[in-house]
Amino acid sequence: MVPSYVPLSYYLLLSGFLFACGVVGFLIKRNIITIFMSIELMLNGVNLSFVAFAAHWHALAGQVFVFFVMVVAAAEAAVGLAIIISVYRTRETLNVDQVNLLKL
Amino acid sequence: MFGSVCVGGAINLLAQRHPINSALSLIAVMAALAGEYLLLGAEFVAAVQVIVYAGAIMVLFVFVIMLLNAGEEEQTKGSRVAVLLGVPGMLTGGLLIGWVVLRHSGTESVPIGALPGHPTDIAQLLFHDFLLPFEVTSVLILIAIMGAVVLASKPEAAPGRFD
């Protein structure tokens, strides 16, 4: 099978599009869980450009960095979801517009 | 093809009102991204993507959504100035960046499946050159676990509260 070639810029555009979707979701969504998922989408977009550049420059360090990004994302998701649970317990809401006090 | 699945899933994530639908479309995005990584020759990253992201993190999300019984989100009216200025600005910026990227890196291309992304090489790199960051990450994970447990426990049971 002939190895096919995909331009690097396509990967970068897809990665940028995913990141932009994450930013838009972060800004327009009102549900705190959906906002959190938008952050994960942004991290995924960055990971894609990491892997694309790693493949382009034949440097494996990019893939190791993707690994670290995933670890940090996992830790962040765990802590963030715990914060969401405790916020929901005290406020009874998931709408970020109604969470406007740090202390009740 | 995987790219179109990614794009569709991301748009669906924005369009859906219910968080569980957003979560499912995010899972589709992550699975498609794993396919992209596989095409780029990064087998290890693809496997970790499926296991950690599409597996662990998304299960966590779905659990929290179901635990909190999250319903439809109510829309709030955004400011009209933001819509009037933001949408054309975003389109212009996106088109500009896309044009520049396509123009200046159009000739270089990535061979599909040609990278020696073998797990053995990654392990060599990870445990020799990046040993210190790796150990620091384990401490980070430990702190995150403890923080999650403390935050998610019931307020009465949490230590250090006197009220």
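Right above here is the structure, for reference.
Residues numbered from 1 in each chain as written. Chains lettered and ligands numbered in written order. Predicted model: local features only at pLDDT ≥ 70, side-chain atom pairs only at ≥ 80, totals over all residues. Heavy atoms only, no water.

(A) Spatial organisation of the packing of helix H2 (residues 19-39) of chain B against helix H3 (residues 43-68) of chain B. Residues and elements named next belong to chain B. Taken N-terminus to C-terminus, the directions of H2 and H3 make an angle of 175°; their axes are 8 Å apart at the nearest point. The angle between H2 and H3 falls in the class roughly antiparallel. Taken together, the residues of H3 that come into contact with H2 (itself represented by Pro-19, Ile-20, Ala-23, Leu-26, Ile-27, Met-30, Leu-33, Ala-34, Tyr-37 and Leu-38) are Glu-43, Val-45, Ala-46, Gln-49, Val-50, Tyr-53, Ala-54, Met-58, Val-62, Ile-65 and Met-66. When grouped by side-chain class, the residues that make up the contact of H2 with H3 number 19 nonpolar, 1 polar and 1 charged. (Axes fitted to C-alpha atoms, helices over the stretch in contact; angles between N-to-C directions. Helix = DSSP H or I, 4+ residues; strand = E, 2+ residues; numbered from the N terminus. Parallel < 35°, antiparallel > 145°, perpendicular 65-115°, else oblique. Contact = heavy atoms within 4.5 Å. Nonpolar A, V, L, I, M, F, W, Y, C, P; charged D, E, K, R; others polar.)

(B) How the structure looks around H2(B). Taking 1.5 Å of rise per residue, the 21 residues of H2(B) would be expected to cover 30 Å, and the 30 Å separating its terminal C-alpha atoms lies within 8% of that figure. A positive backbone phi angle near 90° is found at B:Gly41, which sits one or two residues after H2(B). (Expected span 1.5 Å × (residues − 1).)

(C) Quick look at the environment of B:Ala152. Tracing the backbone through its elements, the reader meets B:Ala152 in helix H6 (residues 131-152). Separated by 28 residues in sequence, B:Ala152 and B:Gln124 place their C-alpha atoms 38 Å apart. Beyond its immediate chain neighbours, meaning those up to four positions away, B:Ala152 contacts A:Ala82 and A:Arg89.

(D) Structural detail: the interface of chain B and chain A. Contacts between the two partners involve 68 residues from chain B and, on the opposite side, 65 residues from chain A. Buried surface at the junction of chain B and chain A, summed over both partners, amounts to about 6,100 Å²; 78% is from carbon and sulfur atoms. For the pair chain B and chain A, the interface holds 0 salt bridges. Counting the contacts that link chain B with chain A gives 3 residue pairs in polar contact (both at pLDDT 80 or more). Looking at the side of chain B that touches chain A, the elements with two or more residues in it are helix H1 (2-15), H2, H3, helix H4 (80-104), strand E1 (109-111), helix H5 (119-129) and H6 of chain B. In terms of residue class, the side of chain B that touches chain A is built from 49 nonpolar, 13 polar and 6 charged. (Buried area = accessible area lost by both parts, 1.4 Å probe. Salt bridge = Lys/Arg side-chain N within 4 Å of Asp/Glu carboxyl O. Polar contact = N/O pair within 3.5 Å; in protein donor to acceptor, adjacent residues only side chain to side chain.)

The values reported here are purely geometric and, on their own, carry no functional implication.
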